[in-house]
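Residue strings, one per chain:
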Number of protein chains: 2
Amino acid sequence: MTTLKDLSRALNLSVTQVSRALNDHSDVSEATRERVKIAAKHLNYQPNISARRLVTGRSGLVGLVMSYMSESPQDRQFLDVVGGMSKHFARAGLQFVLHMADPDEDEVSVYRKLVSGGGIDGFVVLDPKINDKRLAYLKKAGVPFVLHGRDCVAPDYPFFDIDNFRVGYELTRHLLEQGHRRIAFLNGSPGRTYVAHRTDGYRAALAEFDVPFVPGLMRNDQMSEGFGIRDTIRLMDKVSQAPTAFIAGNTWIAKGIYEGLRALGLRVPQDVSVVAHDDLLPDVHAGAMLPPLTATESPLHLSWEPLARFLSASLAGTDVSELQSLDAARFVQRGSVAPPVPR
Amino acid sequence: MTTLKDLSRALNLSVTQVSRALNDHSDVSEATRERVKIAAKHLNYQPNISARRLVTGRSGLVGLVMSYMSESPQDRQFLDVVGGMSKHFARAGLQFVLHMADPDEDEVSVYRKLVSGGGIDGFVVLDPKINDKRLAYLKKAGVPFVLHGRDCVAPDYPFFDIDNFRVGYELTRHLLEQGHRRIAFLNGSPGRTYVAHRTDGYRAALAEFDVPFVPGLMRNDQMSEGFGIRDTIRLMDKVSQAPTAFIAGNTWIAKGIYEGLRALGLRVPQDVSVVAHDDLLPDVHAGAMLPPLTATESPLHLSWEPLARFLSASLAGTDVSELQSLDAARFVQRGSVAPPVPR
DNA sequence: CATGCCATCCGAAACGTTTCGGACAACCGG
DNA sequence: CCGGTTGTCCGAAACGTTTCGGATGGCATG
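Residues numbered from 1 in each chain as written. Chains lettered and ligands numbered in written order. Predicted model: local features only at pLDDT ≥ 70, side-chain atom pairs only at ≥ 80, totals over all residues. Heavy atoms only, no water.

S.K.: Break down the overall build of chain A for me, citing the residues and quoting the values.
M.R.: What chain A contains, in helices and strands, is twelve helices and twelve strands. Overall size of chain A, expressed as C-alpha extent along the three principal axes, is 90 × 40 × 35 Å. In chain A, which comprises 343 residues, the proportion classed as buried is 53%. Entry remark: accessible area of chain A is about 15400 Å², with carbon and sulfur atoms responsible for 53%. Where the 39 positive side-chain charges of chain A centre and where its 39 negative ones centre are 2 Å apart. (Helix = DSSP H or I, 4+ residues; strand = E, 2+ residues; numbered from the N terminus. Buried < 20%, exposed > 50% of the residue type's maximum accessible area, 1.4 Å probe, protein only. Areas by Shrake-Rupley, 256 points an atom, 1.4 Å probe, with all protein chains shown as cover. Lys, Arg positive; Asp, Glu negative; His and termini not counted. Charge placed at Lys NZ, Arg CZ, Asp CG, Glu CD.)

Here you go:
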């Protein structure tokens, strides 16, 4: 293993200057900086993390904590999430530590342990809940993190999110404009912030059209095809109050809705309209469904790069204001919406 | 943060003795050991792992390098693999670093880079190829690793493998005993060691029954349903030389074979017999197929725990001989095999 | 020519731990 | 009483990095 001392010997420089050259400090001439960097590459020098961490507070390690819920539909996104993060952190020179927590272990204590004993510089936090305990801890402890999603409208930490209020609003409004008044929303798991944001958008659009909010039309469950099938049938069974249109939280749910409706002998969009939010997941394409599904779309796989970038920049001291991104989903009209049939 | 120095001051002892007391070394009296441990707990002492790692040369980090092949069917195992590893390493007090390599980057150089910083203590290596360059490098560099699979019959490194020779042998032999003589084998990707081992078992069984090996009946491709469908149809199309039985490398392939045969109007097992190796993957259950699939079974998800255990034990200095495990797959007879129909 | 400034460099300390080599006393057998 | 053993202890070095405080020489300014 090559150390700074080896380099300094080889270059006839002090250890100090070599270190400063490699870390792009100010008081080292351009010529020697070049010389040092070339030699470092040539001798295949890699800084010793432990030594660096001992003297600075930093380890060059970033973490992602997940809890293992076997067989949940999210699992299919897992490669995308973890692979994407890892790849981008590797490029930023950070090592990506994946910690799979025991499901019965307290979430916060996992973070605490990793911070105090494991020396992890910062975290990527996914899937925020309302009043998220992890966020509360990380904020209080002053540990850097980046969030996929948001806690509130204007947080003071780095985040990457899409405008889920608008997603809810636009999908609902589109249906309202076509004349629908009983609109069911098969949303995601309760307690998630993005689900709440979409609900807010939904209610805002209803309010604009003076349509009362009917709690029974808002369904919350883990996003899956099964949820779509089940709740479609349950909702359509209440004949007199059955919805004329459905909003699906993602394309898996939408696929379930399609199947549920087909099972009931109903056609999309002639009998019932359907719209969805489309994360552009690898396995279900809204445009390839029959009929093609009208949706707001926003590729989930584009999240990992900015998340990784934001966290490494945050560790490097970049101001929070530059590390916040709120994307708007794109509304794509296809063939799954028609005016409601009168009953 | 309390350090050893703080403790030594408070206890009126040397730093050395405090360290030795806490680490249960021999030459410290029982009395002071107690005294030290109580004080440590009282002052809430946490050893600084960076300092410890600096002096011991260990980082406490273990790595898994994967290359990102988007959309390959392996992706569905990814959560299982990575999640399982992470969980078990966390229990062993090791941090699990996942490195997603750029597909165009040289495999070996990735390892070299990770090793040379004193960064990573050891690796888990998956999916060994014949003449695997990663193994060659790790062996030469003296970096600890554990392999899922084997290089050769009796390697000198820790590994966890199942007896793939026997898998090939038993499945083939079972079909031979039922009278089959033209047996197709839809195996895995070429170049993998386990694929070669299964092929060897297949050939050994054929030889015992004096059945010549027909190269055209051995098909190698990435394990997927599509492979099963395609090659079943291609093989059955050569009417006069069509196989009377199929061996599938895993249950995805088997599912493809079932579908291919159904598409051709052929029944299992009346017209064609099928057997497979079953990794007990989460999404396709051999016993739940129609007809239930006769298979050798060996749960893949039981691999991760021993792999993690072997690697951490290897790092702790346990002898290699105790860190090698070769499991036999269990042969389960179900309803997918019948004697061949005479043509 | 004296002064100050700038660019470039270096020695040494520091981070907190483990461990090597030795010190000191007490005790034992001869 | 002596040599050796045993049970406790300690000082100091080492791990590889960053960084503080200064050192040196060249150059322009007055």
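S.K.: If you had to explain the relation of the copies chain B and chain A to someone new, which residues and values would you point to?
M.R.: When chain B is fitted to chain A, the residual RMSD is 1.6 Å, and the transformation amounts to a turn of 179° plus an axial shift of 0.9 Å. Read as a symmetry element, the transformation amounts to a two-fold axis. Among all residues of chain B, the one whose C-alpha sits closest to the rotation axis is Val 97 of chain B, at a distance of 2.2 Å. (Least-squares fit on C-alpha atoms with pLDDT ≥ 70 in both.)

S.K.: So what's going on with the protein's contact with DNA strand C? Residues and values would help.
M.R.: Near DNA strand C you find 25 residues, and of these Ser 14 and Asp 27 of chain A together with Leu 4, Ser 19 and Tyr 45 of chain B are the closest. Restricting the count to atoms of DNA strand C within 4 Å of the protein gives a sugar and phosphate share of 62%. A distance of 3.2 Å separates a phosphate oxygen of DNA strand C from a polar atom in the backbone of Ser 29 of chain A. In the model, a base oxygen of DNA strand C is placed 3.1 Å from a nitrogen or oxygen of the Thr 16 of chain B side chain. Per-element accounting of the surface near DNA strand C gives the leading share, four residues, to helix α2 (residues 15-22) of chain B. Of the residues in the surface near DNA strand C, the class split is ten nonpolar, twelve polar and three charged. (Near = heavy atom within 4 Å. Polar contact = N/O pair within 3.5 Å; in protein donor to acceptor, adjacent residues only side chain to side chain. Nonpolar A, V, L, I, M, F, W, Y, C, P; charged D, E, K, R; others polar.)

S.K.: Before we move on, can you summarise helix α8 (residues 164-177) of chain B with the specific residues and values?
M.R.: All names here are of chain B. The end-to-end C-alpha distance of α8 is 20 Å, a good match for the 20 Å that 14 residues give at a rise of 1.5 Å each. Counting buried positions along α8 gives ten out of 14 residues, so the element sits mostly inside the fold. Taken together, the buried positions of α8 are Asn 164, Val 167, Gly 168, Tyr 169, Glu 170, Leu 171, Thr 172, His 174, Leu 175 and Leu 176. (Expected span 1.5 Å × (residues − 1).)

S.K.: Talk me through the packing of helix α1 (residues 4-11) of chain B against α2 of chain B; I want residue IDs and the actual numbers.
M.R.: All names here are of chain B. Taken N-terminus to C-terminus, the directions of α1 and α2 make an angle of 105°; their axes are 8 Å apart at the nearest point. The angle between α1 and α2 falls in the class roughly perpendicular. Contacts between α1 and α2 involve Leu 4, Lys 5, Leu 7 and Ser 8 on the former and, on the latter, Val 15, Val 18, Ser 19 and Leu 22. Class assignment of the residues belonging to the contact of α1 with α2 gives a composition of five nonpolar, two polar and one charged. (Axes fitted to C-alpha atoms, helices over the stretch in contact; angles between N-to-C directions. Parallel < 35°, antiparallel > 145°, perpendicular 65-115°, else oblique. Contact = heavy atoms within 4.5 Å.)

S.K.: Account for the protein's contact with DNA strand D, naming residues and giving values.
M.R.: The local shell around DNA strand D holds 26 residues, among which Leu 4, Ser 19 and Tyr 45 of chain A together with Thr 16 and Asp 27 of chain B are the closest. Taken together, the sugar and phosphate atoms account for 59% of what DNA strand D places within 4 Å of the protein. A per-class count over the surface near DNA strand D returns eleven nonpolar, twelve polar and three charged.

S.K.: Kindly report on the sheet that holds strand β8 (residues 245-248) of chain A, identifying the contributing residues and their values.
M.R.: All names here are of chain A. Read from one edge of the open sheet, six strands run β7-β6-β8-β9-β10-β12, paired in mixed fashion. Only two strands of the sheet have a single neighbouring strand rather than two, namely β7 (218-220) and β12 (330-332). In this sheet, neighbouring strand axes are inclined to one another by 15° on average, regardless of whether the strands run parallel or antiparallel. The pairing of strand β6 (residues 183-187) with β7 spans three bridges and is parallel. Of the residues in β7, the one forming a bridge with Leu 186 is Arg 219. Across the sheet, helix α9 (residues 193-208) is in contact with β6, β7, β8 and β9 (273-278); its angle to β6 comes to roughly 170°. (Pairing = 2+ DSSP bridges.)

S.K.: Can you break down unusual backbone geometry residue by residue, with the values?
M.R.: With an omega of -5°, the peptide bond between Leu 290 of chain A and Pro 291 of chain A qualifies as cis. One can find Pro 291 of chain A in the loop between β9 and β10 (294-297). The backbone phi angle of Asn 12 of chain B is positive, close to 60°, even though this residue is not glycine. Mapped onto the fold, Asn 12 of chain B is located in the loop between α1 and α2.

S.K.: Can you break down the pairing of β8 of chain A residue by residue, with the values?
M.R.: Looking along a regular strand, one sees side chains alternate from face to face of the sheet. Residues and elements named next belong to chain A. Residues of β8 alternate between two faces, with Ala 245 and Ile 247 on one and Phe 246 and Ala 248 on the opposite face, all of them buried. Two strands pair when backbone bridges link them, and β6 and β8 are joined in this way by four bridges, in the parallel orientation. Its bridge partner being in β8, Phe 185 is matched across the sheet by Ile 247. Note that β8 and β9 share four bridges and pair parallel. The residue bridging Ile 247 from the neighbouring strand is Val 275, located in β9. For the crossover that starts at β8, traverses helix α11 (residues 251-263) and ends in the parallel β9, the hand is right-handed. (Right-handed = clockwise from strand over helix to strand, strands pointing away.)

S.K.: Talk me through the interface of chain B and chain A; I want residue IDs and the actual numbers.
M.R.: Of the residues lining the interface, 38 residues belong to chain B; the matching set on chain A comes to 37 residues. For the pair chain B and chain A, the two sides together bury roughly 3200 Å², of which 59% comes from carbon and sulfur. Of the charged contacts in the structure, one is a salt bridge between Asp 102 of chain A and Arg 91 of chain B, with a shortest N-O distance of 2.8 Å. Here chain B and chain A share nine residue pairs in polar contact (both at pLDDT 80 or more) between them. For the side of chain B that touches chain A, the elements supplying multiple residues, two or more each, are α4 (49-56), α5 (78-91), β2 (95-101) and α6 (107-116) of chain B. The leading source of residues in the side of chain B that touches chain A is α5 of chain B, at nine residues. (Buried area = accessible area lost by both parts, 1.4 Å probe. Salt bridge = Lys/Arg side-chain N within 4 Å of Asp/Glu carboxyl O.)

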